[in-house]
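Summary of the model geometry
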Amino acid sequence: MEFVDNREDIFPDLRVNIGSLEIANPVMTASGTFGYAREFENLMNLHRLGAVIVKGISLHPRPGNPPPRIVETACGMLNAIGLQNVGVDRFISEKMDYLAGLNIPVIVNILGDSLAEYREIAERLVGVPGIAGIEVNISCPNVKKGGVAFGTDPSMAAVVTKAVKEGADVPVMVKLSPNVSDITLVARAVEDGGADSISLINTLIGMAIDLKTRRPVLANVIGGLSGPAIKPVALRMVYQVASSVSIPVIGVGGIETTEDALEFLLAGASAIQIGTANFINPRVSEEIVEGISKYVVDENLPSIRSIIGGLSINDG
Amino acid sequence: MSQYQEKATVSRVEQLSAKNYRLTLDSPDISGAAKAGQFVMIRTGLAKDPLLRRPFSIHQTSANGQFQIYFKVVGRGTDMLARVKAGEIMSVFGPLGRGFRIKKNSPAIIIGGGLGIAPMLFLAKSICRLKTDCSNDHIILGGRERSEVEPLVNDFRQFGLRLGLATDDGSYGHQGYVTDLLKSLDLHPGYTVYACGPEPMMARVYSICKSGSMQCQVSVESVMACGMGACLGCSRMTKKGTYTHVCLNGPVFNAEELIWNS
C-alpha cells in the first residue's frame, strides 16, 4: 500500500501550558474585544479558540464613559469605554451558562476600585462551573480610581495579586500596564505576589485632539491606544518580561496575523491574545489558529511549544 | 439573525455630486438578508491604515444580489472608497443592527436630510412592498443645496408617493427645512414618521411628532469600531439614564427612547 502524505490529515501539536492550565492552542481573545463570546457565535467557530477572555467584570455594574468613546488613529484606535459591564453577579447568572457550555477554557477578567473589591470578585467566582482562570486587570487607563494605580506601583501590584490569589480557586493571570518606565519591576512584583502567569500589554495611554473644535476627541480626554501601532512596544515588553520572570507570559498588543502571533511566541510568550483585530475581522482568531497550525506542519516542528522563547540574539 | 463577512465585488461606482458617491456591490448573502435601516461595515483598504471598517447604511438592495451604499467623502476612509473601481473586491460585514419597524396599518412619512437620505430609499421600497395602501404616505427629502437632493430624486419617484423637497438655500424645492414641509402636512396621530438626517433635524422632527402624538423612528449615526456589540464604543444615552448601543439596539430607535438636545 502506498503511503500518501496528506497534510490535511495531520493534526499538529498546538498545545501550550499556562502554568497548570493546558490549552489546545496558544490563541486567546483579549478582554474587552470579544464581549462575552456569544456575540461571535455566528461569525466563527468558537471551539477553535485556545481560550476566551471575557469583558472585564467589576463587583458592581458600571455604565461606562459618555461618548465619544473611541477614535481611530494612525494604525490603531483609542478607546475610553470605561469598563462598562454587568457586574459580577449578573455575569454569573446571565453569561456563565453559555460560556461554560463552550467547552473551551473561559478566563474571567476582573477589575476593582480597591483591594477588597478585587478579592471579593475572586471569591464570588469560586466554584462557578466553567471558569478556568482569572485575569486581573490592574491596568485600565479609563477609570478614575483603582485600575491603573495598581498597575504602575510594583508593591501595589503585588498586593492586588496576593489578594486575588487568596480569594480565587483557579489560576490567576495578571495583566500589566505598559505605562511604566520599567515593566520588569512590576512583572517580578506580580510573580512574587503569587501570579500564575502574566499577560501584557494593556493599552498605551494616548490622546487625540480635534483641531476644528479645539477639544479632545474622547469625552474622557485620554484613552487607551491599541492596534498594530503598539505591536513593537508590546513585543519589546513581552521579550523583557519573559526574560525576567519564570512564570508563563501571554503576549498581547496589535496582533493581526499569524506572523504577528509567532513573533510573540519567539519573544517568549507561551500564548497570545487577539484584541483590536477582532473588531475588523471577527474570524481573525480562528484564522490565526489555522495559520499557526499550518506553520507547525510546514516547518516540521514537533510542536508549537518548540518555538516559544526561541529568539536568536546575535551577540557578535 | 444572519450576518456575513463577504468578499463583495464592486459592480458600479457613481459620482452623484462633487463629494457624494454611490457604490453598487455584488453581495448576495448580505443583500438577501438585509432589512431597511440596517447597515454594513466596509473595509476601505487592506492596509493597516485606516485600520477600522466604516459603517454605512444600506441604500437599497436588488433581487439580483446587489446592494448599494450612498456616501460623502468626509475623511480618509471615504476618500479611499470613492476611488474604488468597478471589479475591485471589498470586505463587507453585515447586515448589522436593527432596522426600521414598518407599521403596516399606519400612513408613513419618510424624511431624509442630507446623507440621511441614504437608508430612506430602502425603507420606501420596503414600505411600498409591505403595505397595501400607500395613498396617504409621503416622502420628504432635504439638504443644504440642490446637489445633495436632486441626484437621488428620480429613485424616489418610482413609488408614486407624494414627494416634498427642500433645500436650505432654496436652490431646489422649498427654501427651508424638511420640518417646514412636515408641518405643512395634514398631520394626525395615526401617522408613523421615519427620519434620518443631521441630529438637529431629527430633534425637530421628533418634537413635531411628540406634539402631534405621532410615532417617530429615527436612524442615528455613531462612531463605532466593530458594528456588532463587541467594542461598546457606540454608546448613546437613553431617557432611562442608561447607555444603549447604536450598533445592536439601533441604528433605528424610537425617538422617544433617546435624549435630544434642542
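Definitions and cut-offs
- Residues numbered from 1 in each chain as written.
- Chains lettered and ligands numbered in written order.
- Predicted model: local features only at pLDDT ≥ 70, side-chain atom pairs only at ≥ 80, totals over all residues.
- Heavy atoms only, no water.
- Core = buried A, V, L, I, M, F, W, Y, C linked by side-chain atoms within 4.5 Å.
- Buried < 20%, exposed > 50% of the residue type's maximum accessible area, 1.4 Å probe, protein only.
- Helix = DSSP H or I, 4+ residues; strand = E, 2+ residues; numbered from the N terminus.
- Domains from an automatic or database assignment.
- Patch = residues over 30% accessible without salt bridge, like charges linked within 9 Å, V, L, I, M, F, W, Y side chains within 5 Å.
- Areas by Shrake-Rupley, 256 points an atom, 1.4 Å probe, with all protein chains shown as cover.
- Salt bridge = Lys/Arg side-chain N within 4 Å of Asp/Glu carboxyl O.
- pLDDT = per-residue confidence, 0-100.
- Contact = heavy atoms within 4.5 Å.
- Buried area = accessible area lost by both parts, 1.4 Å probe.
- Phe/Tyr/Trp six-rings, centres within 6.5 Å; stacked < 30°, edge-to-face > 60°.
- Lys NZ or Arg CZ within 6 Å of the ring centre and 35° of its normal.
- Pairing = 2+ DSSP bridges.
- Axes fitted to C-alpha atoms, helices over the stretch in contact; angles between N-to-C directions.
- Polar contact = N/O pair within 3.5 Å; in protein donor to acceptor, adjacent residues only side chain to side chain.

What to know about the nonpolar core
Among the nonpolar cores identified, the biggest contains 140 residues, and A:Met28, A:Phe91, A:Val136, A:Ile138, A:Leu176, A:Leu200 and B:Ile111 are the most heavily contacted of them. With seven residues, the top contributor of residues to this core is helix H6 (residues 199–211) of chain B. Counting the residues that make up this core, at least three belong to each of domain 1 (4–96) and domain 2 (108–257) of chain B. Counting residues in each nonpolar core, the second largest holds 48 residues, with B:Val10, B:Leu25, B:Ile69 and B:Cys134 among its members.

Here's the deal with a nonpolar patch on the surface
Residues and elements named next belong to chain A. A contiguous nonpolar patch, built from Ile205, Met207, Ile209, Val221 and Ile222 and spanning about 430 Å² of accessible area, is present on the exposed surface. As for its placement among the helices and strands, Ile205 is situated in strand S11 (residues 204–207). Taking relative accessible area as the criterion, Ile205 reaches 42% and is therefore assigned partly exposed.

As for the confidence of the model for chain B
Put simply, chain B has an average pLDDT of 95, and 99% of its residues get 70 or more. Across the interfaces of the predicted complex, the ipTM metric reaches 0.93, alongside a pTM of 0.94.

Overview of the side chain of A:Ser270
Of note, A:Ser270 is situated in the loop between helix H7 (258–266) and strand S16 (271–274). Taking relative accessible area as the criterion, A:Ser270 reaches 11% and is therefore assigned buried.

Section: the interface of chain A and chain B
Quite often, the size of an interface is put as the accessible area lost when its parts meet. Contacts between the two partners involve 33 residues from chain A and, on the opposite side, 26 residues from chain B. Around 2400 Å² of area is buried between chain A and chain B when both sides are counted, 60% of it from carbon and sulfur atoms. By the criterion of area lost to chain B, the three top residues of chain A are A:Glu72, A:Phe279 and A:Ile280, representing 28% of everything that side buries. The interface formed by chain A and chain B holds three salt bridges in total. Notably, a salt bridge pairs B:Lys48 with A:Glu256, separated by 2.7 Å at the nearest N-O pair. Looking at the side of chain A that touches chain B, the elements that each hand over two or more residues are strand S5 (70–73), strand S6 (76–79) and helix H8 (277–280) of chain A.

What about the environment of A:Val126?
Residue and element names in this part refer to chain A. Position of Val126 relative to the elements: it lies in the loop between helix H2 (115–124) and strand S8 (131–137). Judged by relative accessible area, Val126 falls into the partly exposed class, the value being 40%. In this structure the C-alpha to C-alpha distance between Val126 and Leu176, which are 50 residues apart in sequence, comes to 23 Å. If we ignore the near neighbours within four places in the chain, the residues touching Val126 are Gly167, Ala168 and Asp169.

Some details on the packing of aromatic side chains
Under the criterion given, the structure shown has seven aromatic pairs over all chains. With 5.4 Å between their ring centres and 90 degrees between their planes, A:Tyr118 and A:Phe150 make a pair best called edge-to-face. Of the two residues, A:Tyr118 sits in helix H2 while A:Phe150 sits in helix H3 (residues 148–152), which places them 32 residues apart along the sequence. Accessibility assignment for this pair places A:Tyr118 and A:Phe150 in one class, buried. Here B:Phe100 and B:Tyr194 contribute two aromatic rings whose centre-to-centre distance is 5.9 Å and whose plane-to-plane angle is 80 degrees, an arrangement assigned as edge-to-face. On the criterion of sequence distance, the pair formed by B:Phe100 in the loop between strand S7 (89–96) and strand S8 (108–113) and B:Tyr194 in strand S12 (residues 192–196) is long-range, its members being 94 residues apart. You can call B:Phe100 buried: its relative accessible area is 9%. With relative accessibility at 0%, the residue B:Tyr194 sits in the buried group. Pairwise contacts between aromatic rings join B:Tyr21, B:Phe56 and B:Phe71 into one cluster. Over the ring of B:Tyr243 we find A:Arg69, and its NZ or CZ is 4.8 Å from the ring centre. Here the guanidinium or amino end of B:Arg236 rests over the ring plane of B:Trp260, the centre of that ring lying 4.9 Å away.

Quick look at the sheet that holds strand S7 (residues 106–110) of chain A
Residue and element names in this part refer to chain A. Reading around the circumference, S3-S4-S7-S8-S9-S10-S15-S16 is the order of the eight strands in this closed barrel, with parallel pairing throughout. For this sheet, the mean angle separating the axes of adjacent strands, direction not counted, is 25 degrees. Inspection of the sheet shows strand S3 (residues 27–29) paired to strand S4 (residues 51–57) by two bridges, in the parallel sense. Among the inter-strand pairings, Thr29 is bridged to a residue of S4, identified as Val52. Lying on the sheet, helix H1 (residues 88–100) is in contact with S4, S7 and S8; it crosses S4 at an angle near 160 degrees.

Examining the side chain of B:His59
All names here are of chain B. Note on placement: His59 falls in the loop between strand S4 (54–57) and strand S5 (60–61). Among the residues examined, His59 registers a relative accessible area of 0% and is labelled buried. Here the side chain of His59 touches Arg22 through a polar contact of 3.1 Å, side chain to side chain. Apart from residues no more than four positions distant in its own chain, His59 is found in contact with Arg22, Gln68, Ile69, Tyr70, Ala118, Leu121, Phe122 and Leu152.

A word on the domain arrangement of chain B
All names here are of chain B. We note that the domain assignment places domain 1 (4–96) and domain 2 (108–257) within chain B. When each unit is reduced to the centre of its C-alpha atoms, the spacing between domain 1 and domain 2 is 21 Å. In this complex, domain 1 contributes 23 residues to the contact, which on the side of domain 2 involves 24 residues. Both sides together, the interface formed by domain 1 and domain 2 hides about 2000 Å², and carbon and sulfur atoms give 65% of it. Counting every contact that joins domain 1 to domain 2 gives two salt bridges. A salt bridge links Arg22 to Asp155; the shortest N-O distance between them is 2.9 Å. The set of elements that each furnish at least two residues to the side of domain 1 that touches domain 2 consists of strand S2 (20–26), strand S3 (39–42), S4, S5, strand S6 (66–72) and S7. It is S6 that provides the largest number of residues to the side of domain 1 that touches domain 2, a total of three residues.

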